[in-house]
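Residues per chain, in single letters:
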Amino acid sequence: MSFVLGVVIGIIVGVGIIVGFVKSENARSKRRSELATTIAAFARMTVEDSRKILMPEHYPSWVVFSNQQKLKWLNSLLEKIWPYVDEAASELVKSSVEPILEQYKPMILASLKLSKFTLGTVAPQFTGVSILEDGSEGITMELEMNWDGNPNIVLDIKTYVGVSLPVQVKNIGFTGIFRLIFRPLVDEFPCFGAVCYSLRKKKKLDFTLKVIGGDMTAIPGISDAIEGTIRDAIEDSITWPVRKIIPILPGDYSDLELKPTGVLEVKLVQAKELTNKDLIGKSDPFAELYVRPVRDRMKKSKTINNQLNPVWNEHFEFIVEDPLTQHLVVKIFDDEGLQAAELIGCAHIRLNELEPGKVKDVWLKLVKDLEIQRDQKNRGQVHLELLYCPYGMKNGFTNPFAPNLSMTSLEKVLKSGAEGKESAQNGGEINRRKDIIVRGVLSVTVISAEDLFPTDLMGKADPYVVVTMKKTETKNKTRVVPESLNPVWNQTFDFVVEDGLHDMLILEVWDHDTFGKDYMGRCILTLTRVLMEGEYKETFELDGVKSGKLNLHLKWAPQPIYRDS
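Let us look at the structure shown here. Worth saying up front: this structure is predicted, and the values here are computed from it rather than measured. (Residues numbered from 1 in each chain as written. Predicted model: local features only at pLDDT ≥ 70, side-chain atom pairs only at ≥ 80, totals over all residues. Heavy atoms only, no water.)

## Focus: the overall build of the protein
Put simply, the rule is: Secondary structure elements are defined from DSSP: runs of H or I of at least 4 residues count as helices, runs of E of at least 2 residues count as strands, and each element is numbered from the N terminus. Three labels apply to residues, based on accessible area from a 1.4 Å probe with only protein chains included: buried if under 20% of the type maximum, exposed if over 50%, partly exposed otherwise in between. Two residues qualify as a contact provided that any one of their heavy atoms is within 4.5 Å of a heavy atom in the partner residue. For every accessible area listed, the method is Shrake-Rupley and the probe measures 1.4 Å; residues are considered covered only by the protein chains on display.
Along its length, the protein carries eight helices and 27 strands. Looking at the protein residue by residue over its 565 residues, the buried ones come to 46%. In the protein, once contacts between residues fewer than 6 apart in sequence are set aside, the share between residues at least 24 apart is 66%. Carbon and sulfur atoms form 52% of the exposed surface of the protein, whose accessible area is close to 29100 Å².

Structure representation (structure tokens):
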């Protein structure tokens, strides 16, 4: 029943809004009369009638309805009222979109405005509908929509050198899922206080740009710049979790507004076995990371030249608005210098897979396209450490997101309440901003190795391990165990670490030969887990070889110090 109620409520709200637009636009009485006739005809469709149409259990078992068939009546209604939607919505869309276009205006343009905007004569087609049971006190409905429209959209662009060009946006093809939220439910018609709408998922958005009476190549790079602006404007204005709120009944609906819920800390550790995109030499990989694909919220790593197994060990921080539906996306590119970077592969992880306040260490397989999962080619893997900290989280640390601290969330977890206070000269107390330096002694016990890949012709090896702290390049090595592929060392090494949050531990296994040495694999570890847990024992797979594992025991003795920022 909630399914039918959601659909009917959605249409009633949509029609009601359209009527309001038509009245506000002082539409001609004849059009209002025609529109009223259409609405009246729809109103005669009772909830019971809708239920019979939408619920296939009222038909014999051999009758099968597709989503398209179930929504035929809705699409017919939309076609009839589309001319009124076009007339009512065009000015509203134009006035609301122009400030967003100005916000994301390319630097090469002096101004970017909408000179014309109409929706055209082709109405969208709804191809699917669903009601989400999310446990909230309201109704959440999602509608899948296809639109191969013929709108008349003209952008008026001006450059700093005085060149003015009218650019037409043509051949729009769109497929996506819109989300409608009706909340709160009340006992007053129409039974809810407000409706929120948002583009839940954009499956396809294609369009072309054409200069009216001119050539798009007159200004180099202008086409890509405008296309990027349009896509950024869509992402930042209507794409979920951004939502628009339409009050239906008087009341305070601030709880429906988009609000940050927490911070995602991401450590981009490394990647391995990346596809080589260069004919000469190796790829020069860098990473782009984002939770929302908006330019000012995307992060970029440094480029590692000529390397298919890059190590970054870089930290990034992202604002999270909806951990239940948002995800982190990582894209690895090959830097081509002045040319456009070439995608090596991409991966993503849903934020609802993370336990708040707990670090998650993951290796993600890279694919060609996140939407199409038929690609079986090995493009490599990327290694991440993730920590999601909701605002106001009570996890043994106090005020973890205090604005007067310039520490990352991980630093605040590790050293809560460390901001300290000093007496000012006038006798009062002031909060001093501090960066924490996680200093201490790291004890590394190399216990043993298992199933090492033989490097000698006789199928044996004489392995030893080199243990290195990356930042200081301090090294130690174990003794050599002769003729063994499952050596046992049980040797412990202590390292004084000056900055544990940003250092790395590298362990390389070598085969000792009289006239040299052979590589037998390595593992690279951040110190995040040992900083959080204090001590742990773990088995790690060796990278770069066919087989082999390393058994380690790590222990941390903290000696935190502070520096003023």
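So, next bit.
## A look at the sheet that holds strand E12 (residues 327-334)
Rule in force here: At least two bridges found by DSSP between two strands are what make those strands a pair.
The four strands are arranged E10-E9-E12-E13 in an open sheet whose pairing can be described as antiparallel. If you trace the sheet from one side to the other, it starts and ends with strand E10 (299-300) and strand E13 (342-350), each paired once. When E12 meets E13, the two strands line up antiparallel, connected through eight bridges. Paired with Lys-331 across the bridge in E13 is Cys-346.

## Quick look at the environment of Asp-296
Tracing the backbone shows Asp-296 in the loop between strand E9 (285-290) and E10. Taking the C-alpha atoms as reference points, Asp-296 and Tyr-104, 192 residues apart in sequence, are found 9.7 Å from one another.

## Side note on the side chain of Asp-503
Where we set the bar: In summary, the charge assignment counts Lys and Arg as positive and Asp and Glu as negative, without counting His or the chain termini. Salt bridge, as applied in this entry: a Lys or Arg side-chain nitrogen positioned within 4 Å of an Asp or Glu carboxyl oxygen.
Its place among the elements puts Asp-503 in the loop between strand E22 (488-497) and strand E23 (504-513). Buried within the structure, Asp-503 lacks any salt-bridge partner; its nearest side chain of opposite charge belongs to Lys-471, at an N-O separation of 6.3 Å. Contacts of Asp-503, omitting those with residues within four sequence positions, involve Asn-313, Met-469, Lys-470, Lys-471, Val-497, Thr-526 and Leu-527.

## Re the pattern of salt bridges
Taken as a whole and judged by the stated rule, the model has 13 salt bridges. The salt bridge involving Glu-321 is made with Arg-297; its shortest N-O contact spans 3.0 Å. A residue pair is termed long-range when its members are at least 10 positions apart, and Glu-321 in the loop between strand E11 (311-320) and E12 and Arg-297 in the loop between E9 and E10 qualify at 24 residues. Among the residues examined, Arg-297 registers a relative accessible area of 22% and is labelled partly exposed. The partner of Arg-439 in a salt bridge is Glu-498, and the shortest N-O contact between them spans 3.0 Å. Of the two residues, Arg-439 is situated in the loop between strand E18 (434-437) and strand E19 (440-450) and Glu-498 in the loop between E22 and E23; the sequence distance between them amounts to 59 residues.

## Considerations on the pairing of E22
Only one face of E22 is covered, namely the face carrying Trp-489, Gln-491, Phe-493, Phe-495 and Val-497; the face carrying Val-488, Asn-490, Thr-492, Asp-494 and Val-496 is uncovered. Two elements, E19 and E22, share eight bridges in a ladder whose sense is antiparallel. From the neighbouring strand, Ser-443 faces E22, where its bridge partner is Asp-494.

## Quick notes on the packing of aromatic side chains
Each pair of aromatic rings is reported with the distance of its centres and the angle of its planes. Definition in use: Note on aromatic pairs: the rings of Phe, Tyr and Trp (six-membered ring only in Trp) are paired at centre separations within 6.5 Å, and the planes decide the class, stacked below 30 degrees, edge-to-face beyond 60, tilted for the rest. A ring is scored as having a charge over it whenever the NZ atom of a lysine or the CZ atom of an arginine sits within 6 Å of its centre and within 35 degrees of its normal.
Throughout the structure, instances matching the rule amount to five aromatic pairs. Residues Trp-510 and Tyr-519 carry aromatic rings whose centres are separated by 5.4 Å and whose planes lie at 70 degrees to one another, so their mutual orientation is edge-to-face. Judged by its relative accessible area of 33%, Tyr-519 falls in the partly exposed class. The ring centre of Trp-363 lies 4.5 Å from the NZ or CZ of Lys-272, which sits over that ring.

## Points about the pairing of strand E8 (residues 262-272)
Burial of E8 is extensive: 11 of the 11 residues sit out of reach of the surface. Two elements, E8 and E11, share eight bridges in a ladder whose sense is antiparallel. By the bridge assignment, Glu-265 is partnered in E11 with Glu-317. Pairing between E8 and strand E15 (residues 381-390): 10 bridges, direction antiparallel. Bridge pairing in E15 places Glu-265 opposite Leu-387.

## Considering helix H6 (residues 222-237)
Heads up, the rule is: Here the expected span of a helix is defined as 1.5 Å times the quantity of residues minus one.
A rise of 1.5 Å per residue sets the reference length of H6, with its 16 residues, at 22 Å; its end C-alpha atoms lie 22 Å apart and thus fit the reference within 8%. Every buried residue belonging to H6 is among Ile-222, Ala-225, Ile-226, Thr-229, Ile-230, Asp-232, Ala-233, Glu-235 and Ser-237, and all of these are buried.

## Remarks on helix H5 (residues 72-103)
We apply this condition: Here the bend at a residue means the angle between the axes of two seven-residue stretches, the one that ends at it and the one that starts at it.
Here H5 contains 32 residues, and its C-alpha end-to-end distance of 39 Å is more than 12% below the 46 Å for a straight helix at 1.5 Å per residue. When the local axis directions of H5 are compared, the greatest deviation, roughly 55 degrees, occurs at Ile-81, which is followed within four positions by the proline Pro-83.

## Here's the deal with the nonpolar core
Stated formally: By nonpolar core is meant a set of buried Ala, Val, Leu, Ile, Met, Phe, Trp, Tyr and Cys residues that side-chain atoms within 4.5 Å join together.
Judged by nonpolar contacts, the single largest core of 49 residues is most densely connected at Leu-155, Ile-157, Val-167, Val-169 and Ile-226. Counting only elements with at least two residues in this core, the list comes to H5, strand E1 (109-118), strand E2 (125-132), strand E3 (139-148), strand E4 (152-159), strand E5 (164-185), strand E6 (192-211) and H6. For this core, the element with the most residues is H5, which contributes 11 residues. Residues Trp-489, Leu-527, Val-530 and Tyr-536 belong to the second largest nonpolar core, which totals 32 residues.

## Topic: the sheet that holds strand E20 (residues 463-469)
Two modes of strand pairing occur in sheets, parallel and antiparallel, and in both the strands are linked by backbone hydrogen bonds. As a reminder, the rule being used: Between the N-to-C directions of two axes lies an angle of 0 to 180 degrees, each axis being a line fitted to C-alpha atoms and, for a helix, fitted only over the stretch in contact.
Read across the sheet, four strands follow the order E21-E20-E23-E24 without closing on themselves; strand pairing throughout is antiparallel. Every interior strand has two partners, whereas the edge strands, strand E21 (474-477) and strand E24 (516-526), have only one. Across the sheet, the mean angle from the axis of one strand to that of its neighbour is 20 degrees, orientation sign disregarded. Relative to E21, E20 runs antiparallel, the two being bridged by four bridges. Each residue of the ladder has a partner; that of Val-467, found in E21, is Asn-476.

Geometric descriptors of this kind do not, in isolation, establish any biological role.
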